[in-house]
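Here is what each chain is made of, one letter per residue.
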Amino acid sequence: MWWKVLLLTPFLIAIGSTNECVHRDFGEGFTVCVCNATYCDTIAKPGIQTNGSFYSYVSSKAGLRMKPKEGQFGSCQQTLPTDTLTIDTTEKYQTIYGFGGAFTDAAGINIKKLSEAAQDQLIRTYYHPTEGSRYLLGRLGIGGTDFSTRAYSYDSYPNDTSLEHFALAPEDYNYKIPFMKKALELNPETKFFGATWAPPSWMKTRAKNNGYGFLKEEYYQLYAEYLVKFLDAYKENGLKIWAISTGNEPLFNYLPTDAIEVLGWTAKGVGTWVANNLGPTLAASQHSTKILALDDNRNELPWFVPQMFENEKAKNYVSGIAVHWYSDHVAPPSVLDLTHDSFPDKFILMTEACLGNGSPQHVILGSWEHGQKYMLSILEYLNNWAIGWVDWNLVLDKNGGPNFIDNYVDSPIIVNPETDEFYKQPMYYAIAHFSRFIDRGSVRISITDTATIKSAAFVTPSNEVVVVLHNGNSVSKNVVLKDLKKGTICLELPANSMHTVIYGL
């Protein structure tokens, strides 16, 4: 790869400090951006905007990746048909908390297959605040997940009611903690949150990590103490956990499969546990960790959360509601609005999404369609009260693993250890169009959609307006952004493209 860096050098000098994507074509126009120990494309910092200027970035199916451009406000002289999107900065909605991905065992295993310099490069491309996509969130499994090489918890000794044998696993020390600490060093604003797939098997009614089973009632308090021990252990390793959920996908318990690790909950049962055990135990601990409810698909929002919150004590202990995207095709975004309207003091966070599961080809290198699905999902969630959007595995291999139950999927970054490279896919750039520019504390504002152009708009804490646009059409589109206070911006959006526009208030 060194020769590609040399070939790019004159261009890099011409445009300043921005590194351009080094494309690799995998057929049918599917391209990735190749990174290694010495080179990776970066995202240009927005220029200083005068009162009449704006800065824009575009990624496209044709091959553009976060291409920067400066423009000017002014009257539009276009003769072709245009889509007009009206921006009202005075109409405000939820405050954004951030974007991120998951530090799974699989991610750590793959990162460690790279040279140390390439490992650092990869974490930078996600978490560096000015060169990378500026992630602010990181999810992790409390114990094993399906993206581990085995099922495990932190206390495998049966009936260890004193939790004397509690201990973090080798996977924590080898694959999670080191890379989480690197991310935190790059961006101290990063917040981590965790979820348990399954507690120690002896705490379940069916003494298996995987498959059907509930928490034995005699272990309700012990399980709460087990989770606090996890928080203690990570704090001792220099990592504060911002939030934990009540458990990953508890409704998976009812599906006719024994494959995945799971702890089943009924809505009222988890309400009782939070009210009487987890909530008070966390409150009495040294941690200020928040509790997230559900952590499952959004089709369950209309019934699971209201039933859980019938327990007022549980409701008071819960700060937010975590949702996954896997049932979005059967659950309209209006269920997010309904949840917000019913419980406006509880934030909504999308905590897991991936593509390729259940598909004969799990990883499709360079798939624009995968990137487009991410873009549309993020727009949908943010426009329906979510405070953030969190991807699943940060990194996987070319098969979409490892995964000890063969549940392989795709990822925004794929590692190729044979050449000490990693590939940034369109999914990576779809998230970066949001994460790189929408600071924590930004507020969503009003913008009109059209039939062909999807959008979302925000005001940042530094009083910049950030507009994200998607043209999913096979032809270019002329668009007018009409800010009711600032004036108009004229844009041409290439076919199948993603955009971010930034300007000062």
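Note: the structure precedes this text.
Remember, it's a predicted structure, so these values are computed and weren't measured experimentally.

Asker: Please give an account of the overall build of the chain that cites residues and values.
Answerer: Across its full length, the chain carries eleven helices and 21 strands. The principal-axis extent of the C-alpha atoms belonging to the chain is close to 75 × 50 × 40 Å. Within the chain, buried positions represent 60% of all 505 residues. Approximately 18,900 Å² of the chain is accessible, and the part contributed by carbon and sulfur atoms is 51%. Distance between charge centres in the chain, computed from 42 positive and 52 negative side chains, equals 4 Å.

Asker: Got a sec to walk through the sheet that holds strand E15 (residues 421-424)? Specific residues and values, please.
Answerer: The strand order across the open sheet built from four strands is E1-E2-E15-E14, with neighbouring strands paired in antiparallel fashion. Edge positions in the open sheet fall to strand E1 (23-25) and strand E14 (413-416), since each of these has one partner strand only. Here the strands of the sheet are splayed against their neighbours by 35° on average, with no regard to which way each runs. In the packing of helix H3 (residues 116-127) onto the sheet, the strands contacted are E14 and E15, and the crossing angle to E15 comes to about 15°. Sitting on the sheet, helix H11 (residues 426-435) touches strand E2 (31-35), E14 and E15, and the angle it makes with E15 is about 60°.

Asker: I'd like a description of the pattern of salt bridges, backed by residues and values.
Answerer: According to the stated counting rule, one finds 16 salt bridges in the structure shown. The residue Arg-139 makes a salt bridge to Asp-295 at a minimum N-O spacing of 3.3 Å. On the criterion of sequence distance, the pair formed by Arg-139 in strand E7 (residues 137-141) and Asp-295 in strand E10 (residues 290-297) is long-range, its members being 156 residues apart. Summarising the burial analysis for this pair, Arg-139 and Asp-295 share the class buried. A salt bridge links Asp-172 to Lys-176, with the nearest nitrogen and oxygen atoms 3.8 Å apart.

Asker: Now, about the pairing of strand E3 (residues 53-60): what can you tell me, with residues and values included?
Answerer: In the case of a regular strand, side chains alternate between the two sheet surfaces. Counting buried residues in E3 gives eight out of eight residues, a clear majority hidden from the surface. Strand direction decides the pairing type here: E3 and strand E4 (residues 67-72), joined by six bridges, are antiparallel. Residue Ser-56 lies in a different strand from E4, and its bridge partner there is Lys-69. Adjacent in sequence and paired antiparallel, E3 and E4 are bridged by six residues, among which Gly-63 carries a positive phi angle near 130°.

Asker: Got a sec to walk through empty space enclosed by the protein? Specific residues and values, please.
Answerer: What the rule picks out here adds up to two cavities of 30 Å³ or more. Here the largest cavity defines a volume of roughly 40 Å³. The wall of the largest cavity is formed by Thr-18, Asn-19, Glu-20, Cys-21, Asp-41, Thr-42, Arg-65 and Met-66. A per-class count over the lining of the largest cavity returns two nonpolar, three polar and three charged. By volume, the second largest cavity is sized at about 30 Å³. Together, Gly-29, Phe-30, Thr-31, Lys-61, Arg-65, Gly-366, Trp-368 and Pro-426 line the second largest cavity. When grouped by side-chain class, the residues that make up the lining of the second largest cavity number three nonpolar, three polar and two charged.

Asker: Kindly report on the sheet that holds strand E21 (residues 497-504), identifying the contributing residues and their values.
Answerer: Across the sheet, which stays open at both edges, the nine strands sit in the order E4-E3-E21-E18-E17-E16-E5-E19-E20 with mixed pairing between neighbours. Two strands close off the open sheet at either side, each with one partner strand: E4 and strand E20 (487-493). Neighbour to neighbour, the strand axes of the sheet diverge by 25° on average, direction disregarded. Both E3 and E21 contribute to a ladder of six bridges, which runs antiparallel. Along E21, the bridge assignment pairs Val-58 with His-499. On top of the sheet, H11 reaches E3, strand E18 (464-471) and E21; it is set at about 20° to E21, its chief contact.

Asker: Would you mind going over the pairing of E21 in detail, with residue names and values included?
Answerer: By the criterion of burial, E21 is predominantly enclosed, with eight of the eight residues buried. Residues Ser-497, His-499, Val-501 and Tyr-503 point to one face of E21 and Met-498, Thr-500, Ile-502 and Gly-504 to the other, with burial holding for every one of them. Of the pairings in the sheet, the one linking E18 to E21 comprises eight bridges and is antiparallel in character. When the bridges of E21 are listed, Asn-471 appears paired with Ser-497.

About the cut-offs
- Residues numbered from 1 in each chain as written.
- Predicted model: local features only at pLDDT ≥ 70, side-chain atom pairs only at ≥ 80, totals over all residues.
- Heavy atoms only, no water.
- Helix = DSSP H or I, 4+ residues; strand = E, 2+ residues; numbered from the N terminus.
- Buried < 20%, exposed > 50% of the residue type's maximum accessible area, 1.4 Å probe, protein only.
- Areas by Shrake-Rupley, 256 points an atom, 1.4 Å probe, with all protein chains shown as cover.
- Lys, Arg positive; Asp, Glu negative; His and termini not counted.
- Charge placed at Lys NZ, Arg CZ, Asp CG, Glu CD.
- Pairing = 2+ DSSP bridges.
- Axes fitted to C-alpha atoms, helices over the stretch in contact; angles between N-to-C directions.
- Contact = heavy atoms within 4.5 Å.
- Salt bridge = Lys/Arg side-chain N within 4 Å of Asp/Glu carboxyl O.
- 1 Å grid on protein atoms, 1.4 Å probe; cavity = no way out; pocket = protein on both sides within 12 Å on 5 of 7 lines; lining within 4 Å.
- Points joined across faces, edges and corners; volume = space filled by probe spheres on them.
- Nonpolar A, V, L, I, M, F, W, Y, C, P; charged D, E, K, R; others polar.

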